[in-house]
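What the coordinates show
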Amino acid sequence: MDIHEYQAAEIFGRYGIPVNPGEVAETPAQAEEIAAKFGTLVAVKSQVHTGGRGKAGGIRIAKTPEAAREAAEAILGMDIKGHVVNKVLIARGADIAREFYLGVVLDRPRRQITIMASAEGGVDIEEVARERPEKIVRALADPELGLHPWQARQVAFQLGLAPELINGFASIVMKLYDAYVKEDATLAEINPLVLTSSGEWIALDSKMSFDDNALFRHPGIEQLRDLAEENATELEARHSGISFVKLDGDIGCIVNGAGLAMATMDAVKLHGGEPANFLDVGGGASAEQVAKAFRLVTADPSVRAILINIFGGITRGDVVAEGITTALGQVDVKVPIVVRLSGTNAEEGRQLLAEAGLTAVDSMDDAAAAVVRAA
Amino acid sequence: MSILVDRNTRLLVQGITGREGSFHTTQMVEYGTNVVAGVTPGGKGKEVAGVPVFDTVAEAVAATQPNVSIIYVPARFAPDAIYEAVDNGIPFVICITEGIPVADMVAVYAHVREKGARLLGPNCPGIITPGQAKVGIMPGFIHMPGPIGLVSRSGTLTYEVVDALTKAGLGQTTAIGIGGDPIIGTSFVDALALFEADPETKAIVMIGEIGGTDEEDAARFISERVTKPVVGFIAGRTAPPGKRMGHAGAIISGGAGTAAEKIAALEAAGVPVADRPSAVPALIRAAMAR
């Protein structure tokens, strides 16, 4: 789960990280008011769940409250990579001497939490990692004991910081690691972390994402969810216990199992079609779940045909078929449906589906070809 | 021969009296798996499919000497169940449970290694050696004994490929589902090493998907250490970046973890990659004939 910059800054602040003061505005008038209160140069920053805000014109510097109002007018309502800006953060300007990158992430191959830091801050860190990997300093946290202060100091020394700056930087590293662990984050990032000309550290841009599987123990984080940032159908799917991702094509997919669902999308593409969605109904494919899946898929007006791909396995094919026909009794589906059904009693299942007027086939390839023809 | 489970497997089921646990215990017993005991705290004295239930793993170990444990416990309690298994000396633990927080798995993985044990999963379908032992939730009847070792991050997609292999007359030594989470106990590399060392496995199928770099690590390992023919399939060629595709670990992040990169890495290691599951048997036959 993603949150906004201003929300991440609030959390980092609670962990003792020096964050740049700022307030959120939803109208140009509010932006002007906040800027006047600061009485300094401010940054007007779009609050959306995507990167590349600066390049898209979603971050502007304003020298006066009037300029802040104008910047907010330009940015509010802007579409940045499909995300509409509803809020801007008015942040106090900082006197920047140097910019650093500091992040905490999971190192999947090593199965450990890792600190990443670079003296090349304020830029796309993935680009630095690709093109100048030697510019990134890392430290791996012990899986059971956590990150040691000496590791944080070592990172600071490896960045070439002057001795009087080591402890300040290391303390931010420890606090950011603490926030990552205690909040069950999947990313905690400050980019840039700036050093002012008076030698102060300030987190100028904060970013945090969380482990969906751990939200049950963080009710406060769940409340930070911005529903405006989420696709309505994806949101509804999550409430139904269905994994759903909206795509751009016109072939709706309903599949049991995540891997098979991806392979089904790939098969549609291979046969010349474009999948409209990823959808995993879960193992059993009950009538109730299939009915919910029909509702989700048909909510997309661009869907011109639906492919149901169920590898029955332990669940009997005739039971799955009954589930599909029952679901069709509950949801009015107007586009052609092709069902691929395999596993125990699949033949009986296909018979039932054929009697209900559906195209039912045995192989995934045939099903993908048939649904692309039908669309 | 086979890897990790066979006729000598003495299986313990943790969470045996739950809905999933009791259903799959019955299925495993019917398949012929030697299920020796189950554990549910407070369940002592009960029986599931003729299998005795104990309160603790320690009691089950003392009474029945299991050498493999399978866990069907909800996500909040699954890490504790893994600790209980390895702390009581079980050398091989399979965790079916989906939805365990990543932070918990970081600590669990380190602890399992410290104990010298092996973990399979979490968020996996389990492992089957056809005709000998089914330890998981997969449909047993689609499998057939034979020379192919299969390793996969997925569940139903694995069944799809197994079914295609069996229908093509290509049986399996062992089929192993390593799981769809970002942190898993047994990686592709671990499974490939076991298949390489198993004399009955003549060829290997690996089924990967988007997210992480395990497939790339596997490609490197194959070119350096695997002498047996390997055929691959990678799901998610059409997956968009930044979106989690069902499995917690199936996400293209920061431009890394795409199907295209994984396919390129495997092909560079001499591994033919099928463009669809049904193409796997023909590629395996061709690879074995070389």
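Shown above is the structure to which this text applies.
This is a predicted model, so every value here is computed, not measured.

Here we come to the pairing of strand 8 (residues 112-118) of chain A. All names here are of chain A. Across the 7 residues that make up strand 8, a large majority, 7, are buried. Residues Gln-112, Thr-114, Met-116 and Ser-118 line one face of strand 8 and the alternating positions Ile-113, Ile-115 and Ala-117 line the opposite face, and both faces are buried. Of the pairings in the sheet, the one linking strand 7 (residues 96-107) to strand 8 comprises 7 bridges and is antiparallel in character. Each residue of the ladder has a partner; that of Val-104, found in strand 8, is Ile-115. In this structure, the hairpin formed by strand 7 and strand 8 is closed by a connection of 4 residues, where Arg-111 is found at a positive phi of approximately 55 degrees. Examined bridge by bridge, strand 8 and strand 9 (residues 136-140) share 5 bridges and lie antiparallel to one another. When the sheet's bridge partners are listed, Ser-118 is paired in strand 9 with Ile-136.

The next point concerns the nonpolar core. Formed by 96 residues in total, the largest nonpolar core has its most connected members in B:Ile70, B:Ile94, B:Val205, B:Met206, B:Met245 and B:Val280. A per-element tally of this core places helix 9 (residues 258-270) of chain A first, with 8 residues. Not counting residues up to four positions away in its chain, the partners in contact with B:Met206 are B:Val151, B:Phe188, B:Leu192, B:Glu215, B:Ala218, B:Ile222, B:Val230, B:Val231, B:Gly232, B:Phe233 and B:Leu266. With 43 residues, the next largest nonpolar core counts A:Ala152, A:Val155, A:Val173 and A:Trp201 among its residues.

Turning next to the interface of chain B and chain A. The figure often quoted for interface size is the accessible area lost as the parts come together. Opposite the 64 residues of chain B that make contact, chain A presents 43 residues. Between chain B and chain A, the buried area comes to about 3900 Å², and carbon and sulfur atoms account for 61% of it. Its largest share of buried area at the contact with chain A, chain B owes to B:Glu160, B:Thr238 and B:Met245, together 15% of the area lost on that side. In this structure, the connection of chain B to chain A is made through 4 salt bridges. The salt bridge involving A:Glu234 is made with B:Lys243; its shortest N-O contact spans 3.0 Å. The interface formed by chain B and chain A holds 12 residue pairs in polar contact (both at pLDDT 80 or more) in total.

With that settled, consider the sheet that holds strand 3 (residues 59-62) of chain A. All names here are of chain A. The strand order 1-6-2-3 describes an open sheet built from 4 strands, whose pairing is antiparallel. Bordering the open sheet on either side are strand 1 (22-25) and strand 3, each of which pairs with just one other strand. On average, adjacent strands in this sheet sit at an angle of 25 degrees to one another, irrespective of strand direction. Direction of pairing for strand 1 relative to strand 6 (residues 88-92): antiparallel, over a ladder of 4 bridges. Following the sheet pairing, Gly-22 is matched in strand 6 by Ala-91. Its contacts with the sheet put helix 2 (residues 28-38) on strand 1, strand 2 (42-46) and strand 6, and the angle it makes with strand 1 is roughly 165 degrees.

What counts as what
- Residue indices begin from 1 for each chain and proceed along its sequence in written order.
- Written order decides the labels, with chains lettered from A and ligands numbered from 1.
- Note on the predicted model: pLDDT of at least 70 is required for a residue's local features to be given, and 80 or more for side-chain atom pairs to be given and counted; whole-chain, interface and lining totals, by contrast, use all residues.
- The basis for every side-chain value is the complete set of non-hydrogen atoms in the structure, without hydrogens or water.
- For every residue, the accessible area (1.4 Å probe, protein chains only) is compared with the maximum for its type, and the residue is labelled buried under 20%, exposed over 50%, or partly exposed between those bounds.
- The numbering of helices and of strands both runs from the N terminus, where a helix is a DSSP run of H or I of at least 4 residues and a strand a run of E of at least 2.
- Each pair of strands is called paired provided DSSP finds at least two bridges between the two strands.
- Here the nonpolar core consists of buried residues drawn from Ala, Val, Leu, Ile, Met, Phe, Trp, Tyr and Cys, with membership extended through side-chain atoms lying within 4.5 Å.
- Contact criterion: two residues are considered in contact whenever any of their non-hydrogen atoms come within 4.5 Å of each other.
- Note on definitions: buried area is the accessible-area loss of two parts on being combined, 1.4 Å probe, summed for both.
- A pairing counts as a salt bridge when a side-chain nitrogen of Lys or Arg comes within 4 Å of a carboxyl oxygen of Asp or Glu.
- In the analysis that follows, any N or O atom pair within 3.5 Å is treated as a polar contact, provided that within protein one partner can donate a hydrogen and the other can accept it, and provided that, for residues neighboring in sequence, both atoms belong to side chains.
- Fitted lines through C-alpha atoms serve as axes, helices being fitted only where they are in contact, and the angles separating the N-to-C directions of these axes extend from 0 to 180 degrees.

Keep in mind that these numbers describe shape and distance, not what the molecule does.
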